[in-house]
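One-letter residues, chain by chain:
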Amino acid sequence: MFLYLSAVAILTLYLHSLAGWAWWVAVLMIVLLVPVALLYCVATRHQVRWSTVLSYLSVVALLASVGAQVTGAAAARDWFLLAWSVLLLAVAIGLSSHPMQHPAWGLFIGFWGVVGVLWLVVIQAFAVSGVLSGASYTGWSSWPLALIGIWFVVGSANGFGARPFGPIVDSLGVLTGMALLSIAITTWADLPELRSVAGLLAAAAYSVWVVGLGWVLWGLETPVPADAEIRPQPVGSSANA
């Protein structure tokens, strides 16, 4: 359902950039295709390692946005960043599977990290549609990036080095979170040159980190065959001893 609604949202924005009648087309797509999407999601929910797949796709989208930025394709960059922000939700939620020494604190920060991702999706949608641009876009996007960066730091450091994540993956997660925070700080301090450097550092650190994180999530998510039979297992009890 997440994949379907994300695809509808991105396609709607694309059609809206071409013609003003795209909104009712999106409504028809949702009404006609929602049953099919629901049936497909229910049928495949235990057969695909979705967290790993979506995490790796987020790396592809982010690197594509960097390439578009380097080549001067601003419109393509905005579209790739929109796709990255949507896929980033899988990374933010997947990080909550990290073993934590203080679960309550991690859950609190993780909630606001996911809120930051959703906030970033809205901002990127406004950027694609032309509502936000220039300094206003840069200023607004710094706030959700700060929330996401804090979540990456806390999620990786709270239980640092715990299996199956390990110290290398957690170190990269902390580095990625600090790089995202540095983007926000340099934006607030009005340092555009340092912000560009922080952005490249964040893209590189995020890409390497998610490769390791996706590998860990791959092991945590074990697909269940469609025809698998779930059998109850007896549970031992001290009362039976």
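Residues numbered from 1 in each chain as written. Predicted model: local features only at pLDDT ≥ 70, side-chain atom pairs only at ≥ 80, totals over all residues. Heavy atoms only, no water.

Asker: Is there a simple way to explain the pattern of salt bridges in this structure?
Answerer: Two side chains carrying opposite charge are able to pair once their charged atoms lie near each other. Enumeration over the complete set of coordinates arrives at one salt bridge. Between Arg-77 and Asp-78 there is a salt bridge, and its shortest N-O distance comes to 3.1 Å. The class of Arg-77 is partly exposed, set by a relative accessible area of 22%. (Salt bridge = Lys/Arg side-chain N within 4 Å of Asp/Glu carboxyl O. Buried < 20%, exposed > 50% of the residue type's maximum accessible area, 1.4 Å probe, protein only.)

Asker: Can you walk me through the layout of surface pockets in this structure?
Answerer: Once rolled over the atoms, a probe with the size of a water molecule shows which space is left empty. Approximately 730 Å³ is the volume found for the largest pocket. Lining of the largest pocket is provided by 29 residues; of these, Gln-69, Arg-77, Leu-81, Arg-195 and Gly-199 occupy positions nearest its centre. Looking at the lining of the largest pocket, the elements with two or more residues in it are α3 (50–71), α4 (74–94), α5 (103–129), α6 (134–157), α7 (166–188) and α8 (192–220). Looking at the lining of the largest pocket, the element that brings in the most residues is α8, giving eight residues. Residue composition of the lining of the largest pocket, by class: 17 nonpolar, nine polar and three charged. (1 Å grid on protein atoms, 1.4 Å probe; cavity = no way out; pocket = protein on both sides within 12 Å on 5 of 7 lines; lining within 4 Å. Points joined across faces, edges and corners; volume = space filled by probe spheres on them. Helix = DSSP H or I, 4+ residues; strand = E, 2+ residues; numbered from the N terminus. Nonpolar A, V, L, I, M, F, W, Y, C, P; charged D, E, K, R; others polar.)

Asker: Can you walk me through the packing of aromatic side chains in this structure?
Answerer: How two aromatic rings sit relative to each other is given by the distance of their centres and the angle of their planes. Inspection of the entire model under this criterion finds six aromatic pairs. Their ring planes at 40° and their centres at 4.7 Å tell us that Trp-143 and Trp-188 sit as a pair that is tilted. Placement of Trp-143 in helix α6 and of Trp-188 in helix α7 is noted, with a sequence separation of 45 residues between them. A relative accessible area of 45% means that Trp-143 is categorised as partly exposed. Judged by its relative accessible area of 44%, Trp-188 falls in the partly exposed class. Relative to Trp-209, the ring of Tyr-206 has its centre 6.3 Å away and its plane inclined at 70°; by these criteria the two rings are edge-to-face. With Tyr-206 and Trp-209 both in helix α8, this residue pair falls three residues apart, about one helical turn. When its relative accessible area of 2% is taken as the criterion, Tyr-206 is described as buried. The class of Trp-209 is buried, set by a relative accessible area of 1%. Taken together, Trp-84, Phe-152, Tyr-206 and Trp-209 form an aromatic cluster joined through their ring pairs. (Phe/Tyr/Trp six-rings, centres within 6.5 Å; stacked < 30°, edge-to-face > 60°.)

Asker: Sorry, what's going on with the packing of α4 against α8 here?
Answerer: Relative orientation and spacing of two packed helices are given, respectively, by the angle between their axes and the distance between those axes. Between α4 and α8, the least distance of the axes is 11 Å, while the angle of their chain directions is 50°. With respect to α8, the element α4 is oriented oblique. The handedness of the crossing between α4 and α8 is left-handed. Of the residues in α8, those touching α4 at Trp-84, Leu-88, Val-91 and Gly-94 are Tyr-206, Trp-209, Val-210, Leu-213 and Leu-217. In terms of residue class, the contact of α4 with α8 is built from eight nonpolar, one polar and no charged. (Axes fitted to C-alpha atoms, helices over the stretch in contact; angles between N-to-C directions. Parallel < 35°, antiparallel > 145°, perpendicular 65-115°, else oblique. Left-handed = near helix turned anticlockwise from the far one by under 90°. Contact = heavy atoms within 4.5 Å.)

Asker: Whenever I open this one, the confidence of the model for the protein confuses me. Can you help?
Answerer: Predicted coordinates in regions of low pLDDT should not be interpreted in detail. Mean pLDDT for the protein: 81, with 72% of residues reaching 70 or above. Here helix α2 (residues 22–44) stands out as the element of the protein with the lowest mean pLDDT, 63, in contrast to α7, whose mean of 94 is the highest. Within the model, the stretch residues 235–241 combines pLDDT values under 50 with zero contacts to residues more than four positions away or in other chains. (pLDDT = per-residue confidence, 0-100.)

Asker: Is there a simple way to think about the side chain of Ser-85 in this case?
Answerer: Looking at the element boundaries, Ser-85 is found in helix α4. In contact with Ser-85, not counting residues within four places along its chain, are Val-117, Leu-120, Val-121 and Gln-124.

Asker: Can you help me understand the nonpolar core in this one?
Answerer: Most often, soluble globular proteins have nonpolar side chains that are buried together. Trp-84, Leu-88, Val-91, Phe-152, Tyr-206 and Trp-209 are the most contacted members of the largest nonpolar core, which has 40 residues in total. Those residues in contact with Trp-209, other than ones at most four positions away along the chain, are Val-91, Leu-95, Phe-152, Ser-156, Val-169, Leu-172, Gly-173 and Thr-176. (Core = buried A, V, L, I, M, F, W, Y, C linked by side-chain atoms within 4.5 Å.)

Asker: In this structure, what is going on with the packing of α3 against α8? I would like to understand it.
Answerer: It is the contact of α3 with α8, at a shortest axis distance of 9 Å, that shows an interaxial angle of 165°. Put simply, α3 runs roughly antiparallel to α8. Two packed elements cross with a definite hand, and for α3 against α8 that hand is left-handed. Of the residues in α8, those touching α3 at Ser-51, Thr-52, Ser-55, Tyr-56, Ser-58, Val-59, Leu-62, Leu-63 and Val-66 are Leu-200, Ala-203, Tyr-206, Ser-207, Val-210, Val-211, Gly-214, Trp-215, Leu-217 and Trp-218. Partitioned by chemical class, the residues of the contact of α3 with α8 number 13 nonpolar, six polar and no charged.

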